[in-house]
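A structural walkthrough
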Amino acid sequence: MAEIADAAELLASELVTNAYRYSGGRATLRLRALDGGRLRISVWDADPHISPPFDKRHGVLGPVPAEADGGRGLFLVCHYADAWGGHPLGDGLFGTSGKLLWCEVGPPAPAAPVCISG
């Protein structure tokens with residue numbers, strides 16, 4: 001996975017920073033190797049609000065003013081990740097609530113073989 005190390009480090013850093021800056025509570029990072037040399041990066045935090053575009057999986061982030069100190073993290077995730085999304089977690093009844101933001105990076109999954117008879 002050496003060829004995706006730089007992108008994976010950037011993606012993990014941006015998701016963890018987002019959780020740290022905006023959740024105000026605990027957060028957890030999980031890295032999971034997938035088939036085909038892909039890597040899934042997931043960050044759980046205690047804030048149930050899912051920021052756009054992760055709330056819809058598709059969307060365009062508005063421009064960030066050049067003088068702004070922040071606001072580029074999720075743009076970087078969307079740009080460098082091959083897939084991304086967000087899911088709300090629980091209702092807090094048993095102490096588990098918040099959200100999970102995730103992204104994947106790596107070589108594209110191989111296409112399924114197509115059988116043509118004729």
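Residues numbered from 1 in each chain as written. Predicted model: local features only at pLDDT ≥ 70, side-chain atom pairs only at ≥ 80, totals over all residues. Heavy atoms only, no water.

Here's the deal with the nonpolar core
- Leu11, Leu15, Ile41, Phe54, Val77 and Cys103 are the most contacted members of the largest nonpolar core, which totals 18 residues.
- For this core, the secondary structure elements donating two or more residues are α1 (5–23), β2 (39–45), α2 (73–80) and β4 (98–105).
- Those residues in contact with Ile41 that lie beyond four places of it in its chain are Ala8, Leu11, Ala12, Leu15, Leu29, Arg30, Leu31, Leu101, Trp102 and Cys103. (Core = buried A, V, L, I, M, F, W, Y, C linked by side-chain atoms within 4.5 Å. Buried < 20%, exposed > 50% of the residue type's maximum accessible area, 1.4 Å probe, protein only. Helix = DSSP H or I, 4+ residues; strand = E, 2+ residues; numbered from the N terminus. Contact = heavy atoms within 4.5 Å.)

Structural notes on the sheet that holds strand β1 (residues 27–33)
- The strand order across the open sheet formed by four strands is β1-β2-β4-β3, and the pairing between neighbours is antiparallel. Here the strands that pair on one side only, and so sit at the sheet edges, are β1 and β3 (83–89). Along the sheet, successive strands turn relative to each other by an average axial angle of 15°, direction set aside.
- By the bridge criterion, seven bridges tie β1 to β2 in an arrangement that is antiparallel. Residue pairing across strands places Arg32 opposite Arg40, the latter belonging to β2.
- Where α1 meets the sheet, its contacts fall on β1, β2 and β4, and the angle it forms with β2 comes to roughly 10°. (Pairing = 2+ DSSP bridges. Axes fitted to C-alpha atoms, helices over the stretch in contact; angles between N-to-C directions.)

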